[in-house]
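# Report on the structure
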Amino acid sequence: MRLKRLAEGLQLHYKALHRNPSAAAVQPALKPVKRSMEILQDFFHKPETVRVWLNTSQPDLDGCIALEMILANNANAVLRILENAAAGVPV
């Protein structure tokens, strides 16, 4: 995924994110995305499988595609289902 597309989806300014991705102002938007990627990596181990999951319709997201949810500034919904799955909590 391109940084510009992610920045736009998370409603962040691309240039500011590109120049300083560790800026405190962008961390609240990036944190659920980062944590989701960590959980997916723990589940699947292979980047290719993570990409497949992100680009597949997910029943726990009412059939939405996880990546589209993230790019629609709804990364917390994706994170919530992944954290529940990691904890063994049914959705």
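Refer to the preceding data block for the structure.
Residues numbered from 1 in each chain as written. Predicted model: local features only at pLDDT ≥ 70, side-chain atom pairs only at ≥ 80, totals over all residues. Heavy atoms only, no water.

## Examining the side chain of Ser36
By the secondary structure assignment, Ser36 is in helix H3 (residues 27-44). Side-chain polar atoms of Ser36 contact the backbone oxygen of Pro32, separated by 2.8 Å. With sequence-adjacent residues up to four places away left out, Ser36 is seen in contact with Ala75, Val78, Leu79 and Leu82. (Helix = DSSP H or I, 4+ residues; strand = E, 2+ residues; numbered from the N terminus. Polar contact = N/O pair within 3.5 Å; in protein donor to acceptor, adjacent residues only side chain to side chain. Contact = heavy atoms within 4.5 Å.)

## Thoughts on the packing of aromatic side chains
One pass over the full model with this rule turns up one aromatic pair. The interplanar angle of 80° and the centroid separation of 6.2 Å between the aromatic rings of Phe43 and Phe44 together place this pair among those described as edge-to-face. Residue classification places Phe43 among the partly exposed positions, given a relative accessible area of 36%. (Phe/Tyr/Trp six-rings, centres within 6.5 Å; stacked < 30°, edge-to-face > 60°. Buried < 20%, exposed > 50% of the residue type's maximum accessible area, 1.4 Å probe, protein only.)

## Quick word on the packing of H3 against helix H6 (residues 75-87)
In helix packing, the relevant descriptors are the interaxial angle and the interaxial distance, both defined with respect to the helix axes. Where H3 meets H6, the closest approach of the two axes is 9 Å, and the angle between their N-to-C directions is 35°. For the pair H3 and H6, the sense of crossing is left-handed. On H6, the residues touching Pro32, Val33, Arg35, Ser36, Ile39, Leu40 and Phe43 of H3 are Ala75, Asn76, Val78, Leu79, Leu82, Glu83, Ala85 and Ala86. (Axes fitted to C-alpha atoms, helices over the stretch in contact; angles between N-to-C directions. Left-handed = near helix turned anticlockwise from the far one by under 90°.)

## Digging into the packing of H3 against helix H4 (residues 47-54)
Contact pair H3 / H4: the axes reach a minimum separation of 9 Å and the direction vectors enclose 120°. In terms of orientation, H3 and H4 fall into the oblique class. Remark: the crossing between H3 and H4 carries right-handed chirality. For the pair H3 and H4, the contacting residues are Met37, Leu40, Gln41 and Phe44 in the first and Pro47, Thr49, Val50, Trp53 and Leu54 in the second. Class assignment for the residues of the contact of H3 with H4 results in seven nonpolar, two polar and no charged. (Parallel < 35°, antiparallel > 145°, perpendicular 65-115°, else oblique. Nonpolar A, V, L, I, M, F, W, Y, C, P; charged D, E, K, R; others polar.)

## Here's the deal with unusual backbone geometry
One non-glycine residue, His45, lies in positive phi territory at about 70°. By the element assignment, His45 lies in the loop between H3 and H4. Phi angles above zero are rare outside glycine, and Asn73 is one such case at about 60°. For Asn73, a relative accessible area of 36% gives the class partly exposed.

## Quick word on H3
It helps to recall that an α-helix has 3.6 residues per turn; residues three or four apart then point in one direction. Over its 18 residues, H3 runs 25 Å from end to end, which matches the ideal 26 Å to within 8%, given 1.5 Å per residue. Buried residues along H3 sit against helix H1 (3-9), helix H2 (14-19), H4, helix H5 (66-71) and H6. Of the residues one or two after H3, His45 is the one with positive phi, at around 70°. (Expected span 1.5 Å × (residues − 1).)

## Observations concerning the pattern of salt bridges
Throughout the structure, instances matching the rule amount to two salt bridges. Where Glu38 meets Lys34, a salt bridge forms, and the shortest distance between an N and an O atom there is 2.3 Å. One end of the pair is Glu38 and the other is Lys34, both in helix H3 and four residues apart, which spans about a single turn. For Arg35, the salt bridge goes to Glu38, with nearest N and O atoms at 3.3 Å. Of the two residues, Arg35 and Glu38 are both situated in helix H3; the distance of three residues between them amounts to about one turn of the helix. (Salt bridge = Lys/Arg side-chain N within 4 Å of Asp/Glu carboxyl O.)

Just geometry here; none of it tells us what the structure is for.
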